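Each chain, written out:
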Amino acid sequence: MSVLDRLPSGRGDRALIAGLVCLLLGALFAVTPLRAQLPSALYVFVEVGILFVIYGILVLGLDLQYGHTGLVNFGHVVFFAVGAYATAMLTAQDTFAGIGLGYPWPLGLAVGVIAAAILGAAVSLTSIRLRGDFLAIVTLATAEIFHSIFVNFENIFGGNVGILGVPRPIASLVSDSDTRLVATLLVLGGVTLVTLAVVTRLTDAPYGRVLRAIRADELVTRSVGKSTITYKTQAFVYGAALAGLAGGLFALYNGAVAPGFFTIQVTVTVWIGMLLGGAANHRAVLAGLSIIMGLRLISRFALNVTPVSGDVFASIRLIVVGLILVAVIRYRPAGIWGDPQELGVDQ
Amino acid sequence: MGLLQEIIFGLVTGSYIAIAAIGFTLIYGIVNMINFAYGEYISIGAFIGFLAANTLPGPLPVAVVVAMIGGGIVSIILARGFFTPINHTGPVPMLLTSIGLGIVLRNGLRLVGGRSARYFETETSTFQFDAIPDLPVGPVDLLGDFFVTSEQLVVVGSAVAVFASIHLLLTRTDVGIAMRAMGDDESLARVRGIDTQLIRDSVWVLAGVLAGLAGVLMAVQTNVSADTGFSHILQILSAAILGGAGSPYGAILGAYVIGLVLAVSTAFLPSSMTGLSSAVAFVILIAVLLVKPSGIAGTEVREA
């Protein structure tokens, strides 16, 4: 009996296989002379697509925390940022400002994940007992503190310029830009799919059932002998580590990190994506995120045909995003594909 | 600049944060939600005040009154439209709704008002106090020359007037006593015949009025833009939680602590790191939630 046969659910299997196929294809483009050609109209799709798969890892981690365990983490971007900065500072060569140590990138990525997990552990050890809305405030404040630390300690974090000169493993293998974009999308998409498989495996297991029981009623879960604080801490740390992974991948794809990439806007985007799709359903949160990020595509195209300026258009897009958030909570609190009964929001 | 000057700045900052924090904490205590859109209420107040100051013939106090009335009306309309219908869903959905509403309002203001900052034109007289002996301790001067502007005196004076009126409202009027009863126990208040929805509405109006006043004062001290209130929301929130969420008196105390910490840390931090002073306020906030989550005078916010 192979390992795959013993997986409890078909969904996890398919994601795992699809992820491995993507990784293989991406590697094929990266190491063989095989070349891809992109019509120029597709560039923008691939670029937003790459950002989507990176944010996809973020939303999967957040869904583990909020959707499954009910932890209201409104500073998710801080773990993304810490992962990205740790990876960047360990691997960067000849950065303009801040620290660049020039170690190989796999080490940087590993340290990025570990740094985010450690921060997640620190936040959860101190704050996991707080009531939902106050946990949201603490995590939000943590994100603000780190944002101002990144901006203000120029000698270490490079201030507003950030860390430049981060190695780009895929770009260094492939010189022509079309193939590079396709290979990046395939590799990062593969990582996201494998992540999807792993979290599906985790939440389909009895472990995930305990997490959902905590979200439904913590007191009852404790009364059947589960250490809810331990479970909540673990879920929080897993989510933070996934965000750190996303951050590390982002740094290695982008070649630079700066405070401007890690604003509260990232947190808001993944939150709205998760709520719109339907929390506690991994594929639904990814679909919800794709709708919200699809709005960016629409606004990029619409910008070319409408007479308004980019600033005005950005404001209109954010108004639409805000209204979607308000409307989802009011009219469809379980999201588009969520299960209202399971989430306990049916009235 | 000496520490004395920074303390004056701190008292001024603390004053307008205190006015806003009272409104914020009243909503928290009685509607039981963290209203993240409250910063935008303040910005709207600032915009209304700015419009009134430029179109109406009267002096600045007229604009302030217009901003307060406008703030109250906007607040009750938004509450009826967005928060009252989901009152039963609990704190987290309401917090998320307020975040969404905040995004909508902030960008709406940007759309209408543009991105540039505007400034109130006020006549200011400055009172200079010179020839005060220096008292250097390390790099910091504990006394030093200082100045006070008439604007700053107006801000502090308005704050004191607000504290007195809120105290009278909460202790001497039926509405205020009903508010406190509802903050303690909503079901008991309803059993005693209090119209809870009416009280909730009056809290929204009161919070909007305070936001309008805080908005104009903030705008006079800084500027009028879509971010006027939003850039202060975390400080307001810290002040409210520091004082014990739901307690107006605690919020006043918390606001002055936050204001003074911001100002004093500006004095002690090296000049390249003054941006860190806002982080210091959040460190205090987290420390309070860890050590004494109920704040200086408030209720328990931990579950387990």
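Thresholds, definitions, all that
Residues numbered from 1 in each chain as written. Chains lettered and ligands numbered in written order. Predicted model: local features only at pLDDT ≥ 70, side-chain atom pairs only at ≥ 80, totals over all residues. Heavy atoms only, no water. Helix = DSSP H or I, 4+ residues; strand = E, 2+ residues; numbered from the N terminus. Buried < 20%, exposed > 50% of the residue type's maximum accessible area, 1.4 Å probe, protein only. Contact = heavy atoms within 4.5 Å. Rg over C-alpha atoms; globule rule 2.2 N^0.38 Å. Areas by Shrake-Rupley, 256 points an atom, 1.4 Å probe, with all protein chains shown as cover. Lys, Arg positive; Asp, Glu negative; His and termini not counted. Charge placed at Lys NZ, Arg CZ, Asp CG, Glu CD. Phe/Tyr/Trp six-rings, centres within 6.5 Å; stacked < 30°, edge-to-face > 60°. Lys NZ or Arg CZ within 6 Å of the ring centre and 35° of its normal. Salt bridge = Lys/Arg side-chain N within 4 Å of Asp/Glu carboxyl O. Core = buried A, V, L, I, M, F, W, Y, C linked by side-chain atoms within 4.5 Å. Buried area = accessible area lost by both parts, 1.4 Å probe. Polar contact = N/O pair within 3.5 Å; in protein donor to acceptor, adjacent residues only side chain to side chain. Nonpolar A, V, L, I, M, F, W, Y, C, P; charged D, E, K, R; others polar. Expected span 1.5 Å × (residues − 1). pLDDT = per-residue confidence, 0-100. Patch = residues over 30% accessible without salt bridge, like charges linked within 9 Å, V, L, I, M, F, W, Y side chains within 5 Å.

1. Comments concerning the overall build of chain B
Working step 1: For chain B, the helix and strand inventory stands at eleven helices and four strands.
Working step 2: When each of the 304 residues of chain B is scored for burial, the buried share is 55%.
Working step 3: Sequence-distant contacts in chain B: of pairs separated by 6 or more residues, those separated by 24 or more amount to 71%.

2. Some words on the overall build of chain A
Working step 1: Along the backbone of chain A there are 15 helices and zero strands.
Working step 2: Taken against the 2.2 N^0.38 rule, which gives 20 Å for 347 residues, the C-alpha radius of gyration of chain A at 20 Å falls within 12% of a compact globule.
Working step 3: Taken along its principal axes, the extent of the C-alpha atoms in chain A is 60 × 55 × 40 Å.
Working step 4: Burial analysis of chain A (347 residues in total) assigns 55% to the buried set.
Working step 5: Here the analysis covers contacts within chain A between residues at least 6 apart in sequence; of these, 79% occur between residues at least 24 apart.
Working step 6: Of the roughly 14400 Å² of accessible surface on chain A, a fraction of 65% belongs to carbon and sulfur atoms.
Working step 7: Considering chain A, the positive charge centre built from 21 side chains and the negative charge centre built from 17 side chains are found 5 Å apart.

3. Structural notes on the packing of aromatic side chains
Working step 1: Within the structure shown, the criterion is met by 22 aromatic pairs over all chains.
Working step 2: Ring centres of A:Phe250 and A:Phe262 lie 5.9 Å apart, and the angle between their planes is 75°; on these two criteria the pair is classed as edge-to-face. One end of the pair, A:Phe250, is in helix α11 (residues 228-254); the other, A:Phe262, is in the loop between α11 and α12 (264-277), and twelve residues separate them in sequence. This pair shows no difference in class: A:Phe250 is buried, exactly as A:Phe262 is.
Working step 3: A network of ring pairs unites the aromatic residues A:Tyr55, A:Phe80, A:Tyr85, A:Phe146, A:Phe150, A:Phe157, A:Phe250, A:Phe261 and A:Phe262 as a single cluster.
Working step 4: Above the face of the B:Phe230 ring, B:Arg106 is positioned so that its terminal group lies 3.7 Å from the ring centre.

4. Re the environment of A:Asp133
Working step 1: You can see A:Asp133 is positioned in helix α5 (residues 132-152).
Working step 2: C-alpha separation for the pair A:Asp133 and A:Val59, spaced 74 residues apart in sequence, amounts to 19 Å.
Working step 3: In this structure, A:Asp133 is in contact with B:Tyr28, B:Ile34, B:Pro91, B:Val92 and B:Leu95, ignoring residues within four places of it in sequence.

5. Considering the pattern of salt bridges
Residues and elements named next belong to chain A.
Working step 1: As enumerated under the stated definition, the model contains six salt bridges over all chains in all.
Working step 2: Glu 218 is the partner of Lys 232 in a salt bridge, and the nearest nitrogen-oxygen pair spans 3.0 Å. With Lys 232 in helix α11 and Glu 218 in helix α10 (residues 218-223), this pair connects stretches of sequence that are 14 residues apart.
Working step 3: For Lys 232, a relative accessible area of 6% corresponds to the buried category.

6. Here's the deal with the nonpolar core
Working step 1: If you look at the biggest cluster of nonpolar residues, it comprises 186 residues, and the most contacted ones within it are A:Tyr55, A:Phe80, B:Tyr38 and B:Tyr41.
Working step 2: Aside from chain neighbours lying at most four places away, what touches A:Phe80 is A:Ile54, A:Tyr55, A:Leu58, A:Ala243, A:Ala246, A:Gly247, A:Phe250, A:Phe262 and A:Val266.

7. Side note on the environment of A:Ala240
Residues and elements named next belong to chain A.
Working step 1: In this fold, Ala 240 is placed in helix α11.
Working step 2: What makes Ala 240 buried here is its relative accessible area of 0%.
Working step 3: It is 26 Å that separates the C-alpha atoms of Ala 240 and Val 220, two residues lying 20 residues apart in sequence.

8. Thoughts on the interface of chain B and chain A
Working step 1: Contacts between chain B and chain A engage 46 residues on the former and 42 residues on the latter.
Working step 2: For the pair chain B and chain A, the summed buried area comes to about 3900 Å², and 77% of that belongs to carbon and sulfur atoms.
Working step 3: Counting every contact that joins chain B to chain A gives zero salt bridges.
Working step 4: Summed over the shared surface of chain B and chain A, the result is one residue pair in polar contact (both at pLDDT 80 or more).
Working step 5: Going through the elements one at a time, α3 (60-83), α4 (91-113), α9 (233-242) and α11 (277-291) of chain B are the ones with two or more residues in the side of chain B that touches chain A.
Working step 6: Take the side of chain B that touches chain A: its biggest share by element is 15 residues, from α4(B).
Working step 7: Of the residues that constitute the side of chain B that touches chain A, the class distribution is 32 nonpolar, ten polar and four charged.

9. Things to note about α4(B)
Working step 1: Helix length check: α4(B) (23 residues) gives 32 Å between terminal C-alpha atoms against 33 Å at 1.5 Å per residue, within 8%.
Working step 2: Burial runs high along α4(B): 19 of the 23 residues are buried.

10. Examining the confidence of the model for chain B
Working step 1: Within chain B, residue pLDDT values average 85, and 89% of them lie at 70 or more.
Working step 2: The ipTM for the predicted assembly is 0.85, set against a pTM of 0.86.

11. Observations concerning the side chain of B:Thr25
Working step 1: Among the structural elements, B:Thr25 can be located in helix α1 (residues 3-31).
Working step 2: When near neighbours in sequence (up to four residues on either side) are disregarded, B:Thr25 contacts B:Ala240, B:Gly244, B:Ala245, B:Gly246, B:Ser247, B:Pro248 and B:Ala251.

12. With respect to α3(B)
Residues and elements named next belong to chain B.
Working step 1: If you check α3, its first and last C-alpha atoms are 32 Å apart, about what 24 residues at 1.5 Å a residue would give, namely 34 Å.
Working step 2: All buried positions along α3 are accounted for by Ala 63, Val 64, Ala 67, Gly 70, Gly 71, Gly 72, Ser 75, Ile 76, Leu 78, Ala 79 and Phe 83.
Working step 3: In this fold, the buried residues of α3 make contact with α2 (38-55), α4 and α8 (196-221).

13. A short note on a nonpolar patch on the surface
Working step 1: A cluster of nonpolar side chains, contributed by A:Ile17, A:Val21, A:Leu25, A:Leu28 and A:Leu34, occupies part of the molecular surface with about 400 Å² of accessible area.
Working step 2: Position of A:Val21 among the secondary structure elements: in helix α1 (residues 10-31).

14. Section: the side chain of A:Asp178
Residues and elements named next belong to chain A.
Working step 1: Relative to the helices and strands, Asp 178 resides in helix α8 (residues 177-204).
Working step 2: For Asp 178, which is buried and forms no salt bridge, the nearest opposite charge comes from Arg 180, at a distance of 8.6 Å.
Working step 3: Residues within four places of Asp 178 in sequence aside, it is in contact with Ala 36, Gln 37, Leu 38 and Tyr 43.

15. Topic: unusual backbone geometry
Working step 1: Positive phi values are uncommon outside glycine, yet A:Ala280 reaches one of about 75°.
Working step 2: Within the secondary structure, A:Ala280 is located in the loop between α12 and α13 (282-305).
Working step 3: At B:Asn32, a residue that is not glycine, the phi angle is positive and equals roughly 60°.
Working step 4: Turning to its location among the elements, B:Asn32 is positioned in the loop between α1 and α2.
Working step 5: Relative accessible area serves as the criterion here: at 37%, B:Asn32 is assigned to the partly exposed category.

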